[in-house]
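Now for the letters of each chain:
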Amino acid sequence: MQYLPQDDPVVAELIQREETRIENTLDLIAAENHSPLSVAEALGSIFNTKTIEGYPGKRFHAGCENADEVENLAIERAKELFGAEYVNVQPHSGTSSNLAVYFSVLKPGDRILAMSLPHGGHLSHGHQASITSKCFNFKHYTVNTETELLDYDQIREMALEFKPNMIVAGASAYPRLIDYQAMSEVAKEVGAYLLADVAHLGGLVAAGVIPSPVPHCDFVTFTCYKTMMGGRGGVILSREKYGAKLNRAIFPGCQGTSAVNMIAAKAVIFKLALEPEFKAIQQKTIENAHSLASELEKRGFRLVTGGTDNHQVIIDVTQKGVSGAKAEKVMESVGLIANRNMIPADADKKGSISGIRLGTAGITVRKMAEPEMAGIAALIDDTLKADGNREELDKVAERVLDLAGRFPVYK
Ligand SMILES: *Cc1c(COP(=O)(O)O)cnc(C)c1O
C-alpha cells in the first residue's frame, strides 16, 4: 500500500489486520478462496473509474477503447476455457447472473423448479426472502432424506406435474456431482429451459476435474471468487441464440454500468486458469476434500451424503453434542474459519442448523496436502471436544497458528 496509509490510516490498518487474520487462520469456508495478487492488482486498478454502459463497440460513453479490449479478452478467454458459444462477464455477482438469466427468457410469474435451500439450494433460487421469489413462481425439489442425494425420478415427477418454464440445477451446499444429463432429459421432456448454477464449482469445471454442465444446459452461471480464485463477480455462459436476450437482461435489465476492474480481474484469472498450475490446484482441491472427509469419518463424524465428489465436506456436528452455530463459534475461537449450514435433516425443524460446511479450496491454494488434512480433521475434533475448556482450546489455537505459519498465503 502506497497512498492509503497517508489518506486513511484507519482503513489501511484494517486491511493490514485482515491480511494478518488470513495468514494466521485456516479458511475452511467453501464459498471463499485466496486469489493470486495479480487478480487483486487488476481489481484495485484505475479501470475502476470507467463508466461503460453497453457492450464492446456499442457503448453509451466515449473513451472505452481499453475497456472494450479487456472485456473482449475476458469473453474470448472464457469461451476457450469453458467451451461456451456466448459469455457475459458483466454480472456484479452470482445473484445478478441468475436474475438476468431468469429475466432473459421468462416473464414475471413464470414457473421455475429449483433446489430447496435447506437441502442445499441458494437464496437466488426462489427463497422467500429473495426478490427472485417475488418475480417468479418457484417450486422446490429436495434431496432424498435417507441418502441425502438428489433423486432424479422425484425431480422428473415434480416437473411433470408443475410444468416449469425453467429448471435450475445447482447448489451451494451439496458435496456430490449433479447429473446434468439427467436434468437436461427432464427439462427436454417438459419443455423447460435448463440453468446450471455452478457458483461454487467454476474453478473445478474450468480445470476439467469434474464434468462440465455446458454441453447439457441452456445457461450456466458461476461466481469468480469461490473455487475460481478470481475475485468478486459473476459470469453467464450460454448459446449464441440467447446472446442478445442475455445482453439486454444484464444491461439495462438488471444492472447499470459494469465494473471494468472486475472484468479485468476475470480476464486475468481466465488466463491463469488455462495454465497447468491452476489445473493442479483444482485437482488437489478435490483430493484434499476426499482425505479430509475420510479423516473426519475415522474420527466418528457423520458426513452428509456419506462423502464428497467436489471441494465440500459437510459434517453433522449435533452428533458431537453441539449445534452448527456453537461449532462455528468455538472453531472460530481457535482460528478454524467455517460456516454453520443447514443439512437435509433440518428442513422440517424450524431454526435448526446441524451442520458445518467445510471447503478445501483455500487450504489447497496454501499448498496443503494429505498430512495437513489429517491434521485439520484432528484440530476440528479436538476443538469440539474441548468446547468450554479455555486451556485446551488455547492449545488447539497454538497448533492452528503453527500450521498456518508453515503454509503462508501471500508471504
Ligand atoms: C454463492 C452462490 C451464489 C451467489 O453469489 P453472490 O455472488 O453472493 O450473489 C449463487 N448461487 C449459488 C449456488 C451459490 O452458491
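For the protein, the name recorded in an unreviewed UniProt entry is Probable serine hydroxymethyltransferase, with Dethiosulfatarculus sandiegensis as its organism. For the protein, the Subunit (unreviewed entry) comment in UniProt is given as "Homodimer." The record held by UniProt for the protein lists under Pathway (unreviewed entry) the comment "One-carbon metabolism; tetrahydrofolate interconversion."

Colleague: Is there a simple way to think about the overall build of the protein in this case?
Modeller: Within the protein, the regular secondary structure consists of 16 helices and 15 strands. In the protein, which comprises 411 residues, the proportion classed as buried is 56%. Here the contacts in the protein between residues at least 6 apart in sequence split such that 72% fall between residues at least 24 apart. Within the structure as shown, the protein displays about 17,700 Å² of accessible surface, and the carbon and sulfur contribution to it stands at 52%.

Colleague: What is the right way to look at the pattern of salt bridges in this model?
Modeller: Pairs can form between side chains of opposite charge once their charged atoms are near each other. One pass over the structure, following the stated rule, counts 23 salt bridges. The shortest N-O distance in the salt bridge between K284 and E370 comes to 3.1 Å. One end of the pair, K284, is in helix α12 (residues 276–298); the other, E370, is in helix α15 (residues 370–385), and 86 residues separate them in sequence. Note on K284: relative accessible area 22%, which makes it partly exposed. Owing to a relative accessible area of 35%, E370 belongs among the partly exposed residues under this scheme. A salt bridge links K326 to D387; the shortest N-O distance between them is 3.5 Å. Taken as a pair, K326 in helix α13 (residues 324–333) and D387 in the loop between α15 and α16 (390–406) lie far apart in primary sequence, 61 residues in all. The class of D387 is partly exposed, set by a relative accessible area of 27%.

Colleague: Quick question: what am I supposed to make of the domain arrangement of the protein here?
Modeller: It is common to give the size of an interface as the accessible area that goes away when the parts come together. Here the protein is partitioned into domain 1 (9–33 + 279–406) and domain 2 (44–273). If you average the C-alpha positions of domain 1 and of domain 2, the two centres end up 27 Å apart. Taken together, the contact between domain 1 and domain 2 spans 29 residues of the former and 23 residues of the latter. Carbon and sulfur atoms supply 58% of the area buried between domain 1 and domain 2, which totals about 2,300 Å² over both sides. Across the domain 1-domain 2 interface, the total number found is two salt bridges. Linking R176 and D309 is a salt bridge whose minimum nitrogen-to-oxygen distance equals 3.2 Å. Every element with two or more residues in the side of domain 1 that touches domain 2 is listed here: α12, β11 (302–303), β12 (312–316) and α14 (361–365). The biggest single contributor to the side of domain 1 that touches domain 2 is α12, with five residues. Looking at side-chain class alone, the side of domain 1 that touches domain 2 contains 13 nonpolar, 11 polar and five charged residues.

Colleague: For this particular structure, what's the right way to read the side chain of T305?
Modeller: Of note, T305 is situated in the loop between β11 and β12. According to the relative accessible area criterion, T305 is buried, its value standing at 10%. For T305, the residues in contact, after removing those within four places along its chain, are T147, E148, L149, P175 and R176.

Colleague: Whenever I open this one, the pairing of strand β5 (residues 111–115) confuses me. Can you help?
Modeller: Within β5, four of the five residues are buried, which leaves it mostly tucked inside the rest of the structure. As paired elements, β5 and strand β6 (residues 137–141) share five bridges and run parallel to each other. Within the sheet, the bridge partner assigned to I112 lies in β6 and is F138. Bridging between β5 and strand β7 (residues 166–170) involves two bridges; their strand directions are parallel. Its bridge partner being in β7, L113 is matched across the sheet by I167.

Colleague: Help me understand the site of the ligand in this model?
Modeller: The immediate surroundings of the ligand are formed by 13 residues, with G94, T95, D197, Y225 and K226 found nearest. Between the ligand and K226, the relevant distance is 2.9 Å, taken from an oxygen atom to a side-chain nitrogen or oxygen of the residue. Contact with the protein chains covers 87% of the free accessible surface of the ligand, which is 380 Å². The class makeup of the residues in the shell around the ligand is three nonpolar, eight polar and two charged.

Colleague: Explain the packing of aromatic side chains to me, please; I cannot follow it from the model alone.
Modeller: Aromatic ring pairs are described here by two measures, namely the spacing of the ring centres and the angle between the planes. With the rule as written, the count across this model stands at 10 aromatic pairs. Ring geometry for Y193 against Y242: centres 5.8 Å apart, planes inclined by 80 degrees, an arrangement best described as edge-to-face. Taken together, the residues Y193 in strand β8 (residues 193–197) and Y242 in the loop between β10 (234–238) and α10 (243–254) connect sequence positions 49 residues apart. Over the ring of Y225 we find R232; its NZ or CZ atom is 3.7 Å from the centre of that ring. Geometry around F301 places K320 over its ring, the cationic atom sitting 4.4 Å from the centre.

Colleague: What's the story with a nonpolar patch on the surface in this structure? I'm lost.
Modeller: Together, M1, V11 and I15 make up a nonpolar patch on the protein surface, roughly 260 Å² of accessible area in all. Inspection of the secondary structure puts V11 in helix α2 (residues 9–24). Residue V11 is classed as partly exposed on the basis of its relative accessible area of 36%.

Colleague: I'm lost on the sheet that holds β8 in this one. Help?
Modeller: In sheet architecture, strand pairing relies on hydrogen bonds along the backbone and comes in two forms, parallel and antiparallel. Here we have seven strands laid out as an open sheet, ordered β4-β10-β9-β8-β7-β5-β6, and mixed in their pairing. Both outer strands of the open sheet, β4 (86–88) and β6, are each paired with one neighbouring strand and no more. Taking the axes of each pair of neighbouring strands and ignoring which way they run, one obtains an average angle of 20 degrees across the sheet. Here helix α4 (residues 65–82) sits on the sheet and contacts β4, β9 (219–223) and β10; the angle it forms with β4, its principal contact strand, is near 130 degrees. Contacts from helix α5 (residues 94–105) reach β5, β6, β7, β8, β9 and β10 within the one sheet, and its direction differs from that of β9 by about 165 degrees.

Conventions used here
As a convention, each chain's residues are numbered from 1 in the sequence order in which they are written. Two thresholds apply to this predicted model, a pLDDT of at least 70 for residue-level local features and 80 or more for giving and counting side-chain atom pairs, whereas whole-chain, interface and lining totals are computed over all residues. Excluded from the side-chain calculations are hydrogens and water; all other atoms, namely the structure's heavy atoms, are used. UniProt positions are given in the numbering used here, feature names are shortened, and annotations may be inferred rather than shown by experiment. Under the scheme used here, helices are H or I runs from DSSP no shorter than 4 residues and strands are E runs no shorter than 2 residues, and both carry numbers assigned from the N terminus. Each residue is placed in one exposure class: buried if its accessible area under a 1.4 Å probe, protein chains only, is under 20% of its type's maximum, exposed if it is over 50%, and partly exposed if it falls in between. Contact criterion: two residues are considered in contact whenever any of their non-hydrogen atoms come within 4.5 Å of each other. All accessibility values rest on the Shrake-Rupley procedure with a 1.4 Å probe; residue burial counts only the protein chains present in the view. By definition here, a salt bridge exists when the distance from a side-chain nitrogen of Lys or Arg to a carboxyl oxygen of Asp or Glu is within 4 Å. For the domains described, the bounds stem from an automatic or database domain assignment. Joining two parts hides part of their accessible area as seen by a 1.4 Å probe, and the buried area is that hidden amount summed over both. Residue polarity follows a fixed list, in which Ala, Val, Leu, Ile, Met, Phe, Trp, Tyr, Cys and Pro are nonpolar, Asp, Glu, Lys and Arg are charged, and the others, Gly among them, are polar. For two strands to pair, DSSP has to find at least two bridges joining them. Put simply, a residue is near a molecule or strand once any heavy atom of it comes within 4 Å of that molecule or strand. Two N or O atoms form a polar contact when they lie within 3.5 Å of each other; inside protein one atom must be a possible hydrogen donor and the other a possible acceptor, and for residues adjacent in sequence the pair counts only when both atoms belong to side chains. Only Phe, Tyr and Trp rings are paired, with Trp represented by its six-membered ring, and only when their centres lie within 6.5 Å; those with planes under 30 degrees apart are stacked, over 60 edge-to-face, the remainder tilted. Each ring is checked for a lysine NZ or an arginine CZ that lies within 6 Å of its centre and within 35 degrees of its normal; such an atom marks a charge sitting over the ring. Like-charged residues within 9 Å of one another, or nonpolar side chains (Val, Leu, Ile, Met, Phe, Trp, Tyr) within 5 Å, are grouped into patches, provided each residue has over 30% relative accessible area and no salt bridge. Axes here mean lines fitted to C-alpha atoms, for a helix over just the part in contact, with angles spanning 0 to 180 degrees between N-to-C directions.

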